[in-house]
Amino acid sequence: MSYKLCEKVRQLEPYEPISGNYKIRLDANESYYNFPDVIKNEIKNIIDNVAFNRYPDPNAERLVEPFADYYGISPENVTASNGSDELLYLIASAMLTRNSKVIVTEPDFSMYSFYSYLSENQIITYRKNDSLNIDVDELISLAKVENADMIIFSNPCNPTGQGISAEQARKLVKSVDCLVVLDEAYMDFWDESLIREAALYDNLIVLKTASKAVGSAAIRLGFAVADKTLTTALRAVKAPYNVNTISQEIGRCIYSHKDILNSRRQDIIENTARLYKSIKDITDNYKLPFKVYEPRTNFVFVESDKAGEICEFLLQNSIAVRYFKNAGALRITTGNEKENKEFLVLFEKFIIENILKRNR
Ligand SMILES: *Cc1c(COP(=O)(O)O)cnc(C)c1O
């Protein structure tokens, strides 16, 4: 036998989220809310009624309907997926061809370039400006100069928490001849969405997920919103039974509870604002050269040359946050009030014991 893995996958390693048992998880941008009892009880009933012997509905109609209703759009413009990750892979592999030119931005969600790498697209990187945002005019010029086939980025962005306005995003979509994929995974925490107008353009796909504001990461639900032609293409290229029946039915239940979704969303926004302010107050108070970015998301991005050490210290104290080595930064997901407080106490403790004392 002389089988060899192909070159492009030989060096890859499986994705490892932070492993280990940590008391407080502020590392994955999840919601700190599990489902409330009303929803859990409905789910018990759902499970009782699932036809386990039957394949799921390929169009996930019972799921897409309340999803579309929640966002004020039409179900015919929605494609459901097994997490939005699945859509990212599909878009890179099926909607593009080998050597298609894809513009990604930096820093941004790393899965875009990963799936483009697997799909052998040609990756062009747009570097964000000093305030970690996109200059849309620059991006438009780059797309033209490079004759790009697709532009993909998260708005607002994971990991920076920054974003461009709906007006700027609209300008981009209207000014380029390529496909624009706007990943609005965190747009529930901000108000600059293009989701309601996605169907008006022939070159826009808006992506959504149930994993963040909707608090359903466990059941893996993602959505693409686009015009009829793009939607037909996405539905045609996806695996027919990509979303299992249990997730479809639980998703239907969640998206039908608009009041719960909205009040939790509001609560997460407020907790994030408080977390941001507290981090900023601490670093300002000690006059530290940390850069704390005001978030449009459910997490706070903090640049510091001490980011790695802080992350280690927090892990030792059973708090997980995300460390970005290349950016020299931490991304701290909002927890509930108690979790945030514990984080802040340790964050300040690290500063007092390891930065101030050392500097004396
Ligand atoms: C978390 C996240 C997603 C969601 O992925 P799922 O597969 O739906 O859980 C998509 N895009 C970005 C930018 C994210 O941060």
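Computed from a prediction, not measured in an experiment: that's the story for all the values here. (Residues numbered from 1 in each chain as written. Predicted model: local features only at pLDDT ≥ 70, side-chain atom pairs only at ≥ 80, totals over all residues. Heavy atoms only, no water.)

### Observations regarding the environment of arginine 264
And then number 1: Mapped onto the elements, arginine 264 comes out in helix H10 (residues 258–285).
And then number 2: Each C-alpha atom, one on arginine 264 and one on glycine 215, is 9.2 Å from the other, the two residues being 49 residues apart in sequence.
And then number 3: In contact with arginine 264, not counting residues within four places along its chain, are Tyr33, Asn34, Phe35 and Pro36. (Helix = DSSP H or I, 4+ residues; strand = E, 2+ residues; numbered from the N terminus. Contact = heavy atoms within 4.5 Å.)

### Brief notes about the domain arrangement of the protein
And then number 1: For the protein, the assigned domains are domain 1 (18–33 + 260–356) and domain 2 (37–257).
And then number 2: Measuring from the centre of the C-alpha atoms in domain 1 to the corresponding centre in domain 2 gives 26 Å.
And then number 3: Carbon and sulfur atoms make up 62% of the area that domain 1 and domain 2 hide from each other, which totals about 2,000 Å².
And then number 4: Summed over the shared surface of domain 1 and domain 2, the result is 0 salt bridges.
And then number 5: Put simply, domain 1 and domain 2 have 9 residue pairs in polar contact (both at pLDDT 80 or more) between them.
And then number 6: Looking at the side of domain 1 that touches domain 2, the elements with two or more residues in it are H10, strand E9 (291–293) and strand E10 (299–303).
And then number 7: Sort the elements by how many residues they give to the side of domain 1 that touches domain 2 and H10 lands first, with 6 residues.
And then number 8: Of the residues contributing to the side of domain 1 that touches domain 2, the split by class is 11 nonpolar, 5 polar and 7 charged. (Domains from an automatic or database assignment. Buried area = accessible area lost by both parts, 1.4 Å probe. Salt bridge = Lys/Arg side-chain N within 4 Å of Asp/Glu carboxyl O. Polar contact = N/O pair within 3.5 Å; in protein donor to acceptor, adjacent residues only side chain to side chain. Nonpolar A, V, L, I, M, F, W, Y, C, P; charged D, E, K, R; others polar.)

### Section: the sheet that holds strand E11 (residues 319–324)
And then number 1: Taken in spatial order, the 5 strands make up an open sheet running E1-E11-E12-E10-E9, and their pairing is mixed. Strands with a single pairing partner mark the edges of an open sheet, and in this sheet they are strand E1 (24–26) and E9. Strand after strand, the sheet turns through a mean of 25 degrees between neighbouring axes, direction not considered.
And then number 2: Here E1 runs beside E11; their pairing, made up of 3 bridges, is parallel. When the sheet's bridge partners are listed, arginine 25 is paired in E11 with alanine 320.
And then number 3: Running at roughly 20 degrees to E10, H10 makes contact with E9, E10 and strand E12 (329–333) of the sheet.
And then number 4: The sheet contacts of helix H11 (residues 307–316) involve E11 and E12, and relative to E11 the element is tilted by about 160 degrees. (Pairing = 2+ DSSP bridges. Axes fitted to C-alpha atoms, helices over the stretch in contact; angles between N-to-C directions.)

### Re the site of the ligand
And then number 1: Taken together, 14 residues lie near the ligand, and Asp183, Tyr186, Thr209, Lys212 and Arg220 sit nearest.
And then number 2: One nitrogen or oxygen atom from the side chain of threonine 209 is found 2.6 Å from an oxygen atom belonging to the ligand.
And then number 3: Between the ligand and serine 211 there is a distance of 2.6 Å, counted from an oxygen atom to a side-chain nitrogen or oxygen.
And then number 4: For the ligand, whose free accessible area comes to 390 Å², the fraction covered by protein is 93%. (Near = heavy atom within 4 Å. Areas by Shrake-Rupley, 256 points an atom, 1.4 Å probe, with all protein chains shown as cover.)

### Re H10
And then number 1: The end-to-end C-alpha distance of H10, which contains 28 residues, comes to 40 Å, matching closely the 40 Å that a straight helix rising 1.5 Å per residue would cover.
And then number 2: For H10, the complete set of buried residues consists of Leu261, Arg264, Ile268, Asn271, Thr272, Leu275, Tyr276, Ile279, Ile282 and Thr283.
And then number 3: Positive backbone phi, approximately 50 degrees, marks lysine 287, located one or two places after H10. (Expected span 1.5 Å × (residues − 1). Buried < 20%, exposed > 50% of the residue type's maximum accessible area, 1.4 Å probe, protein only.)

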